[in-house]
Each structure stands twice: as C-alpha cells, then as structure tokens.
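Fold and geometry: a report
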Amino acid sequence: MRLDKFLSETKTLTRTEASKAVKQGRITVNGTVASKPNLSVDPEKDEIAVSGRVIEYNKYRYIMLNKPEGYVSATDDKSAPFVTQLLSEELQKFELFPVGRLDKYTVGLMILTDDGQLAHRVLSPKHHAEKVYYFRCEKPLERIDELEAGVHIEGGYLTKPCKVKKLSENEAEITLTEGKYHQIKQMLYAVGNKITYLERISFADIPLDPTLERGEWRFLTENEIEKLRRI
Ligand code: URA
C-alpha cells in the first residue's frame, strides 16, 4: 500500500497533508525518514510514525455500545437522536454503522463497525448468530412452550424456535437467532402479554460489558472480534 494511502485510510493525514509531511521529513518508516509519499509500505509489518507518533493500523473498527433509551439504530435521523452520535468526534469520521437494529426504546448491547463484509455475514439468517435479551412483561409470563416453538407475528410469519429462561413471574431471558421487526414485542403480544422493558445482553456470544454505562462505548477486544469472525 502507498504510504499516503495508509495515512489517509487511518485518518491520520489527508493525501495533501501527507505529501507536505514527507517533504518536511516528519514521517518515518521503520525509523528511516520517508523519501516520497508513494513509498510502498506494508501496514501489517512496517512501523510508520508521524512526528515520532507511531500510527496503529486497524483496517476496520469494531465498537461495543450500551445503547440508551430514545436513540434510533441509525447513522442519521432528522427527528430523534441516533446511536453514532454517542461516539467520539474522532470515531464519527469513520462510516460506522450498527450491526442489526434495536428499537428506539430497547437498551443494551449494540455493535457498530465499518466492516461491511463482517456485518453482512453476522446478520445473515444462514449463520444463526444468537442474540440474548432480558425482558420484563406486563402480565405473568405464560405459554413459554408456544414462544419457544414459534408464534405467528406480523404478516403471518412463524418465528423460529428459540429459548426462553423464566427468571420470575414477569421477567425472562430470550435467545433468538433471527431479528424480525419488533420481534420480541410481537412475540409477547402473540401470547397475550406486553413487553415493558427490553435489553439486549449478549450478541454472538459477546456479553454486554457491565462496566459500560448506558450511552458509553468501547472498542471490542481481539477475542470478541474473533467471535464475530468465527460466525
Ligand atoms: N425485539 C424487539 O421487539 N425489539 C428489539 O429492539 C429487538 C428485538
């Protein structure tokens, strides 16, 4: 990869700025001052520094966000706050988008990335990535067998088999491998009940980090990214 492309991809410098920085001798590759902006570099192996600061190369970014209530799972919205607004200014320069959707009033684990290929794979119904939600419902939770076997929701769609773990009269965890519009709300409605609180607590075997407050985010660890790649 060209040195100036590396610098612009990592959002370190624009190509024009990179040219200037090379002329000023501010860029080093493995400790040697770079002679030209089109120098060929290997981002995986070479250590590239600008004014002595080593630039990390991550082709893509992977973020865990604890989504608060009232935010829409989108990268833009005219009428409501949207999740990417919760990221740092630095991160907002990248085209990060949510991997899957949560309703405006659903809270909890949301993954954002700019790796379109990985997102596509993770979301593909073929791959059955498990999503675990904690919920509370208005009436005592009954008809669990029906929920687990599949119920008819909007458009006559029969939901896929899922797991429900009852925690008390009015609360449970549900594990889905699909994500239809308002799925859990609709499923509870189909068994004569109503969701009063919904939180995603795990996605593809990655649990929501309990140290993240609502609205806070952090980068996924290598181990967590690996779980997504293995899907
Ligand atoms: N099911 C819902 O009803 N809402 C969500 O946000 C996710 C799953």
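Heads up: the structure comes first, above all this text.
A brief look at the structure comes next. Source: prediction; values computed, not measured.

Criteria and cut-off values
Residues numbered from 1 in each chain as written. Predicted model: local features only at pLDDT ≥ 70, side-chain atom pairs only at ≥ 80, totals over all residues. Heavy atoms only, no water. Helix = DSSP H or I, 4+ residues; strand = E, 2+ residues; numbered from the N terminus. Rg over C-alpha atoms; globule rule 2.2 N^0.38 Å. Buried < 20%, exposed > 50% of the residue type's maximum accessible area, 1.4 Å probe, protein only. Contact = heavy atoms within 4.5 Å. Near = heavy atom within 4 Å. Polar contact = N/O pair within 3.5 Å; in protein donor to acceptor, adjacent residues only side chain to side chain. Areas by Shrake-Rupley, 256 points an atom, 1.4 Å probe, with all protein chains shown as cover. Nonpolar A, V, L, I, M, F, W, Y, C, P; charged D, E, K, R; others polar. Arc of directions from axis to C-beta.

**Let's talk about the overall build of the protein chain**
Within the protein chain, the secondary structure is distributed over six helices and 15 strands. For the protein chain, whose C-alpha radius of gyration is 22 Å, the value lies well above the compact-globule estimate of 17 Å for 231 residues. With the principal axes as the frame, the protein chain shows a C-alpha extent of 70 × 35 × 35 Å. Buried residues in the protein chain amount to 45% of all 231 residues. Within the protein chain, counting contacts between residues at least 6 apart in sequence, those at least 24 apart form 63% of the total.

**Here we look at the site of the ligand**
The ligand sits among Leu102, Asp103, Thr106, Tyr133, His182, Gln183, Ile184, Lys185 and Leu198. Between a nitrogen atom of the ligand and a side-chain N or O atom of Asp103, the distance comes to 2.7 Å. Backbone polar atom of His182 to an oxygen atom of the ligand: 3.4 Å apart, as the coordinates give it. For the ligand, the protein covers 95% of the area, taking 230 Å² as the surface of the free molecule. Tallying contributions element by element places helix 5 (residues 183-190) first for the shell around the ligand, with three residues. Here the shell around the ligand is composed, by residue class, of four nonpolar, three polar and two charged.

**Focus: helix 2 (residues 15-23)**
For helix 2, the complete set of buried residues consists of Ala18, Ala21 and Val22. What you see down the axis of helix 2 is that its buried residues fit within an arc of 100 degrees, all on one side. Away from its buried face, by an angle of more than 90 degrees, helix 2 presents the exposed residues Thr16, Lys20 and Lys23. The elements touched by buried residues of helix 2 are helix 1 (3-9) and strand 1 (27-29). Immediately downstream of helix 2, the backbone of Gly25 shows phi near 70 degrees, a positive value.

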